[in-house]
Amino acid sequence: MSVNRYNFSGDNMDINSILRQNNMTKYRLAKLSGVAHTTLNNICSGQAKIEKCSAETLYKIAKVLDVSIEELIEDSIKQSELKNDIERSYEHALPDYLQHDLDEYKKGIKNHSSLIDCLWGELYGSINMAEISDGLISHEQADYLRQKYLWRN
């Protein structure tokens, strides 16, 4: 049983949009496709990347939604590429002092430095200075650097 074919007309559509367009719930899709509801929840929430799903799972979902597998994952792949481009740009063209402290912190982690807490503090201060005091990086860029390097588990 498949739903009405959605006309993509070049627009990027994620699975949530396809479900909304077809007035279908994740629960109904789970029942019709045989894909676990928790799996669909993880895909729709972004906890699981749809392009990482098994071919069988993709096939089942695409068949019920009457879309190709490519259409199903196209938006996710494009968003991943855009995110990667943004992340790469966030680590380039940093102020010299911030780049220095970032490089030293990376070396400290790699070498298991006993001064890692000092290096952490220097990097934290440099990020704040570049963002707040000097206005040389955006708030988003500062948050990205903090999340990637300072708030690691």
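Residues numbered from 1 in each chain as written. Predicted model: local features only at pLDDT ≥ 70, side-chain atom pairs only at ≥ 80, totals over all residues. Heavy atoms only, no water.

Participant: Please set out the side chain of S126 residue by residue, giving values where relevant.
Facilitator: In this structure, S126 sits in helix α7 (residues 116–133). Contact partners of S126, with chain neighbours within four places excluded, come to Y97, L98 and D101. (Helix = DSSP H or I, 4+ residues; strand = E, 2+ residues; numbered from the N terminus. Contact = heavy atoms within 4.5 Å.)

Participant: Describe in detail the packing of aromatic side chains, supporting the description with residues and values.
Facilitator: Taken as a whole and assessed by the stated rule, the structure comprises four aromatic pairs. Aromatic pair W120 and W151: ring centres 5.6 Å apart, planes at 55 degrees, arrangement tilted. Placement of the pair is W120 in helix α7 and W151 in the segment after α8 (139–150), with a sequence separation of 31 residues. For W120, a relative accessible area of 27% translates into the label partly exposed. An aromatic cluster of three or more residues is present, and its members are W120, Y124 and W151. (Phe/Tyr/Trp six-rings, centres within 6.5 Å; stacked < 30°, edge-to-face > 60°. Buried < 20%, exposed > 50% of the residue type's maximum accessible area, 1.4 Å probe, protein only.)

Participant: Any chance you could break down the pattern of salt bridges for me, citing the residues and the numbers?
Facilitator: Counted by the stated rule, this structure contains six salt bridges. Linking E91 and K148 is a salt bridge whose minimum nitrogen-to-oxygen distance equals 2.7 Å. With E91 in the loop between α5 (69–90) and α6 (96–110) and K148 in helix α8, the pair connects residues that are 57 residues apart, well separated along the chain. Using a relative accessible area of 16% as the deciding quantity, one classes E91 as buried. For E104, the salt bridge identified is with K107, shortest N-O distance 3.1 Å. Separated by three residues within a single helix, E104 and K107 lie in helix α6, roughly one turn from each other. Its relative accessible area of 45% is what places K107 among the partly exposed residues. Members of the salt-bridge network, linked through shared partners, are E91, K106 and K148. (Salt bridge = Lys/Arg side-chain N within 4 Å of Asp/Glu carboxyl O.)

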